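# Commentary on secondary and tertiary structure
The lines below spell out each chain.
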Amino acid sequence: MLQQTPSPQRIARPVPAPRAAAPEDGPLTEGREFVWSDADFSRIKALIYKKAGISLHDGKHAMVYSRVSRRLRETGHDSFKTYLDWLEHHDGAEWQEFINALTTNLTAFFREQHHFEILAQMFAAKRSQKWRIWCSAASTGEEPYSIAMTASEGLGAGGSFEIVNSDIDTKVLATAQRGVYKADGTKGLSPERMQRFFMRGKGSNEGFMRVKPELQKNMSFQTVNLIHDLPFREPFDVVFCRNVMIYFDAATQRQVLERIHRVMKPGGMLFVGHAENFSDARSLFTLRGKTVYERL
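Here goes a summary of the coordinates provided. The structure presented is a predicted model; accordingly, all values stated were derived computationally and were not measured. (Residues numbered from 1 in each chain as written. Predicted model: local features only at pLDDT ≥ 70, side-chain atom pairs only at ≥ 80, totals over all residues. Heavy atoms only, no water.)

## What to know about the sheet that holds strand E3 (residues 180–182)
Here we have three strands laid out as an open sheet, ordered E3-E5-E4, and antiparallel in their pairing. Lying at the two open borders of the sheet, with one neighbouring strand each, are E3 and strand E4 (198–200). Direction aside, neighbouring strands of the sheet carry axes that sit 30 degrees apart on average. Pairing analysis gives three bridges linking E3 to strand E5 (residues 208–211), with the strands arranged antiparallel. What sits directly across from Val 180, in E5, is Arg 210. (Pairing = 2+ DSSP bridges. Helix = DSSP H or I, 4+ residues; strand = E, 2+ residues; numbered from the N terminus. Axes fitted to C-alpha atoms, helices over the stretch in contact; angles between N-to-C directions.)

Written out as structure tokens, the structure reads:
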């Protein structure tokens, strides 16, 4: 008699042992150089909020790991815990490096073009006025130089303006102050503006463009943290604070708007980012155009 072969569905197969669930604050190490845990993220989240007012949501795990892990390599630490323990017990330059690592800098010349069209109209209407302008998130300089070019064009040779440029990130601010850009990174600039406001590099500087000194002479640069008291005594006619508030929670936004309000002239104009809306601050500012507010 032939022995009957069991059907495939009856063949016993080993059942893999269930994978243990990672604890809520346990290491998330897959594919990473350093042990990374929810506890590490929570600590970094609390520190950057305290130091810079930046509010990180849980979807920023990968970004935070990538950026802060560079600080571990630079400082010679082998874990986030030892780095953060060391950071919290030292007052020094590393705090600024930590902040620099977690700030986001996305900019371009004449980004959100409609703002510069409005600004040009303002300058044309009051050419005899001495203008005082604050660019509060200067980043690598494309925005402040766009403001300066607009002022030079709108006010003419006899025009008077001063632009104070600030950022919390010291590295990008140094780039802004240098005013040197790759030629292929000057999108948004017309050939006429390139010729009028920039010098083309030669020899070892070929492929780079430098802002002309005539444009920079009315500009100053300084580090400013918007969650601290602002260091300005003279009020501003115009403030650019674009795509900054989106990194703050509602309470911090209100505090920063109150600080900006205090350093602006009544009737001054505040330019903000396309995703920012301050309808809850009607006692401070009133909407005058697309993402343009007047100081009350």
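Now that the structure has been shown, the text picks up again.
## A word on the sheet that holds strand E7 (residues 236–241)
Backbone-to-backbone hydrogen bonds pair the strands of a sheet. The strands run either parallel or antiparallel. Read from one edge of the open sheet, seven strands run E6-E2-E1-E7-E8-E10-E9, paired in mixed fashion. In this open sheet, the two edge strands, each paired with only one partner strand, are strand E6 (219–223) and strand E9 (285–289). Adjacent strand axes in the sheet meet at a mean angle of 25 degrees when their direction is disregarded. Examined bridge by bridge, strand E2 (residues 160–167) and E6 share five bridges and lie parallel to one another. Bridged to Asp 167 within E6 is Thr 223. Relative to the sheet, helix H6 (residues 142–155) contacts strand E1 (130–135), E2, E6 and E7, its axis offset from that of E2 by approximately 175 degrees. Along the sheet face, helix H7 (residues 170–178) touches E2 and E6 and points at about 170 degrees away from the line of E6. (Contact = heavy atoms within 4.5 Å.)

## A few points about the layout of surface pockets
In this structure, the largest pocket occupies an estimated 630 Å³ of space. Forming the walls of the largest pocket are 32 residues, and the residues nearest its centre are Thr 104, Ala 137, Asn 243, Val 244 and Tyr 247. When its residues are assigned to classes, the lining of the largest pocket shows 15 nonpolar, 11 polar and six charged. Taken as a whole, the second largest pocket holds about 260 Å³ of empty space. Lining the second largest pocket are 13 residues, with Ser 152, Phe 161, Arg 196, Glu 214 and Lys 217 positioned closest to its centre. (1 Å grid on protein atoms, 1.4 Å probe; cavity = no way out; pocket = protein on both sides within 12 Å on 5 of 7 lines; lining within 4 Å. Points joined across faces, edges and corners; volume = space filled by probe spheres on them. Nonpolar A, V, L, I, M, F, W, Y, C, P; charged D, E, K, R; others polar.)

## A short note on the packing of helix H5 (residues 113–125) against H6
Where H5 meets H6, the axes come as close as 9 Å, and the angle between the chain directions of the two elements is 35 degrees. Of the two possible hands of crossing, H5 and H6 adopt the one that is right-handed. Here H5 contributes Phe 116, Leu 119, Ala 120, Phe 123 and Ala 124 to the contact with H6, which in turn contributes Glu 143, Ser 146, Ile 147, Thr 150, Ala 151, Gly 154 and Leu 155. A breakdown of the residues in the contact of H5 with H6 according to their chemical character gives eight nonpolar, three polar and one charged. (Left-handed = near helix turned anticlockwise from the far one by under 90°.)

## Some remarks on the packing of aromatic side chains
Here the distance between the centres and the angle between the planes together describe a pair of aromatic rings. By the definition in use, this model includes 19 aromatic pairs. When the centroid spacing of 6.1 Å and the interplanar angle of 80 degrees are considered together, the rings of Phe 34 and Phe 80 count as edge-to-face. Here the residue Phe 34 occupies a position in the segment before helix H1 (38–52), and Phe 80 occupies one in helix H3 (residues 80–88), the gap between them amounting to 46 residues. An angle of 15 degrees between the planes, with centres 4.6 Å apart, marks the rings of Phe 240 and Phe 271 as stacked. (Phe/Tyr/Trp six-rings, centres within 6.5 Å; stacked < 30°, edge-to-face > 60°.)

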